[in-house]
Amino acid sequence: YNYHKYSTNEILNILEQECKFFEHVLETVKPDFFFSKLPSLHHHELFYQMCKNSGVHVQIINFSMLGQKCIITQEHEKFDLIEDLERVECKERNFDELQKYFKKSDLLGNLTNTLSKPGKTKKEILKSAIEYSLNSDSINAKTHYTYYGRTKSKVIFYYIFDNIRTRIREYFLNKNLKKDISLPENFVVLPLHTEVERSLLIGAPFYINQIEAIKNIAKSIPINYKLVVKEHPFQGDRGWRSARDYKEIMNIPNVILVHPTFSNEKLYKNCSLLVTIAGTAGFEVTFYGKPVITFVDLNYSILPSVTTLKNLHELPALIRESLEKKVDPSDLDRFLSLLERNSSKFNYTDFSAKFDAEFFYGGRLVDAEISEAKMKSFLEKNSSRLNDLANEHISKMNWFKDGSFKSDMKT
C-alpha cells in the first residue's frame with residue numbers, strides 16, 4: 001500500500017491466480033490436516049477457508065486469553081470443545097479470586113513484554129538497518145506482489161518519514177489526552193482496536209470505521225451517561241492515528257478520549273458497561289462484574305452477561321438492557337474452566353518473541369536470510385517446548401480421526 005496502489009483489475013487478477021494455485025495444491029497434495037498460525041493476511045485467510053471448504057481438518061494456533069498459553073482450534077473465536085456452561089464444573093471462586101487469577105495470567109502485559117517491546121532498542125534497530133543496507137536488493141520485488149514498487153531508497157525514506165510522523169502524533173497525544181482524570185459518575189467504556197488489524201478487517205469487516213462506531217454508541221447511551229474511549233496502547237506500533245482523527249473523536253458530544261496508558265483497571269472498576277467491536281477487553285471487564293456488548297460473536301459471547309449486537313438500530317435498547325444486567329461470578333468461573341480445557345500450556349507469545357529475536361532482529365527485519373545451521377541450532381535449543389506443541393497437535397489429530405470432535409461439538 002505504501003509503495004504501489006493496486007487497481008481493481010490487478011487485485012482481482014492476483015486473487016484469481018491465488019485461488020487457482022491453492023486449488024492446484026489441494027487437489028495435488030490432498031492434505032488431511034492444515035497446521036497454521038491464525039491467518040492475518042488475505043492470501044493466508046483465503047487458503048485457510050479453502051481448506052475448510054475442502055474437508056481438510058485445520059488446526060489454528062493463536063494466543064490464549066490466559067496470557068502465557070495458546071489455543072489450537074478449527075476456527076478463531078470458537079472453541080473445539082464446547083459444553084453448556086451450566087454443565088461445566090464451578091470452582092466457586094468469587095470476584096476477588098477471579099481477579100487475582102486474571103492478573104496472574106496478564107495477557108496484555110505478556111503480549112507487550114514479548115511482542116511489542118522487542119526490536120525497539122537502538123542496538124536492534126541499528127543492526128537491522130545495517131543488515132538491510134548492506135544486503136543486495138531482494139528479488140522479491142520481481143516475484144512477490146507484496147513487494148511490488150519497493151526499493152531500498154523508498155523503504156528508508158518511508159521509515160524515516162513514519163518515525164517522524166509517529167513522534168509528532170505521540171506528542172499530540174501526550175499534550176492533549178489525560179493519563180489520569182476524575183471519571184464521570186456514569187459512563188460506558190469503548191476500547192479502540194489497533195489498526196491495521198485482523199480483528200477488524202477479517203473478524204468484523206462491517207465495523208472497520210471506529211469513529212462511526214463511537215458516534216453510534218455516543219448517540220445510543222442514556223442522557224446521563226458519558227462514553228469514555230481509550231486508545232489501544234499497541235496503536236503506537238502502527239504509528240498512532242492522525243491528529244485529525246483524535247480531534248474528531250474529542251469533538252463528538254458526550255465522548256471523553258483518554259490516553260492509551262490510562263489504567264484499564266480504573267476503567268473496569270468504575271464503568272457501568274463496556275462495548276467492544278471484537279476485543280478481549282470484553283472478557284477482561286467481566287472479572288470486575290461488568291456487562292458487555294460486542295459487535296460480533298466471540299468465544300466469551302456464551303457468558304450470560306455478554307450480548308452481541310445484531311442490528312445497529314437495536315443499539316440504544318440493547319445498551320439500556322445491558323446496563324441492568326448483573327455478572328454472576330459462577331458463570332465466569334465455569335467459562336474459565338472451559339477456556340482452560342481448550343488451551344495448551346505452550347507459551348506462544350514467548351516462543352514468537354524468541355523466534356523474532358533469533359532470526360529477525362526482534363521483528364525489525366523480516367527479509368532476513370536464515371542459514372540451515374542457525375535454524376538447526378534454534379530447533380535444538382527449543383526442542384522440548386516444540387515437542388510439547390507437536391504432542392498437542394497429535395492429540396488434536398487423534399481427536400479428529402476417532403470422530404470425537406463431532407460429539408464434542410454437538411454437546
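In what follows, the structure referred to is the one given above.
The paragraphs below set out a description of the structure included in this document. (Residues numbered from 1 in each chain as written. Predicted model: local features only at pLDDT ≥ 70, side-chain atom pairs only at ≥ 80, totals over all residues. Heavy atoms only, no water.)

### Side note on the pairing of strand β2 (residues 57-63)
Then comes step 1: Of all seven residues in β2, five are buried, a share of seventy percent or more.
Then comes step 2: Inspection of the sheet shows strand β1 (residues 33-37) paired to β2 by five bridges, in the parallel sense. Residue pairing in the sheet places Phe35 in a bridge with Gln59 of β2.
Then comes step 3: Between the parallel pair β1 and β2, the chain is carried across by helix α2 (residues 42-53), and the sense of this crossover is right-handed.
Then comes step 4: Examined bridge by bridge, β2 and strand β3 (residues 70-73) share four bridges and lie antiparallel to one another. In the sheet register, Asn62 faces β3, and the bridge partner there is Ile71. (Buried < 20%, exposed > 50% of the residue type's maximum accessible area, 1.4 Å probe, protein only. Helix = DSSP H or I, 4+ residues; strand = E, 2+ residues; numbered from the N terminus. Pairing = 2+ DSSP bridges. Right-handed = clockwise from strand over helix to strand, strands pointing away.)

### Things to note about the nonpolar core
Then comes step 1: Ranked by size, the top nonpolar core spans 68 residues in total, and within it Ile214, Ile217, Leu227, Phe283, Tyr300, Phe335 and Leu339 carry the most contacts.
Then comes step 2: The residues contacting Phe335, other than those within four sequence positions of it, are Met65, Phe79, Leu85, Phe283, Asn299, Tyr300, Ile302 and Leu303. (Core = buried A, V, L, I, M, F, W, Y, C linked by side-chain atoms within 4.5 Å. Contact = heavy atoms within 4.5 Å.)

### Brief notes about the packing of helix α9 (residues 210-220) against helix α10 (residues 243-250)
Then comes step 1: Where α9 contacts α10, the axes come no closer than 10 Å and their chain directions differ by 5 degrees. Taken together, the axis directions place α9 and α10 in an arrangement best described as roughly parallel. Side by side, α9 and α10 meet where Ile211, Ile214 and Lys215 of the first sit next to Asp245, Glu248 and Ile249 of the second.
Then comes step 2: Residue composition of the contact of α9 with α10, grouped by class: three nonpolar, no polar and three charged. (Axes fitted to C-alpha atoms, helices over the stretch in contact; angles between N-to-C directions. Parallel < 35°, antiparallel > 145°, perpendicular 65-115°, else oblique. Nonpolar A, V, L, I, M, F, W, Y, C, P; charged D, E, K, R; others polar.)

### Points about the pattern of salt bridges
Then comes step 1: One pass over the full model with this rule turns up 18 salt bridges.
Then comes step 2: Residue Lys266 is joined to Asp180 by a salt bridge in which the shortest nitrogen-to-oxygen separation is 2.5 Å. One end of the pair, Lys266, is in helix α11 (residues 264-270); the other, Asp180, is in the loop between α7 (152-176) and β4 (187-191), with 86 residues separating them in the sequence.
Then comes step 3: Overall, Lys266 belongs to the partly exposed group, its relative accessible area being 27%.
Then comes step 4: Take Asp180: its relative accessible area is 55%, and that puts it in the exposed class.
Then comes step 5: Of the charged contacts in the structure, one is a salt bridge between Lys310 and Asp297, with a shortest N-O distance of 3.5 Å. Here Lys310, found in the loop between β9 (306-308) and α13 (315-323), pairs with Asp297, found in the loop between β8 (292-294) and β9; they are 13 residues apart in sequence, far enough to count as distant. Across this residue pair, the class does not change: Lys310 and Asp297 are exposed.
Then comes step 6: When salt bridges that share partners are traced, they join Lys52, Glu75 and Lys78 into one network. (Salt bridge = Lys/Arg side-chain N within 4 Å of Asp/Glu carboxyl O.)

### Here's the deal with the packing of aromatic side chains
Then comes step 1: Summed over all chains, the structure comprises 27 aromatic pairs.
Then comes step 2: Where Tyr6 meets Tyr145, the ring centres are 6.4 Å apart and the plane angle is 80 degrees; that geometry is what we call edge-to-face. Pair noted here: Tyr6 is in the segment before α1 (8-29) and Tyr145 is in the loop between α6 (140-143) and α7, with a separation of 139 residues, a long-range link.
Then comes step 3: Accessibility expressed as a relative area gives 28% for Tyr145, which makes it partly exposed.
Then comes step 4: Ring pairs connect the aromatic residues Phe79, Phe102, Phe283, Phe287, Tyr300 and Phe335, which therefore count as one cluster.
Then comes step 5: The aromatic ring of Tyr147 is capped on one face by Arg150, whose charged end is 4.9 Å from the ring centroid.
Then comes step 6: Positioned above the aromatic ring of Trp399, the side-chain terminus of Lys396 is 5.8 Å from the ring centre. (Phe/Tyr/Trp six-rings, centres within 6.5 Å; stacked < 30°, edge-to-face > 60°. Lys NZ or Arg CZ within 6 Å of the ring centre and 35° of its normal.)

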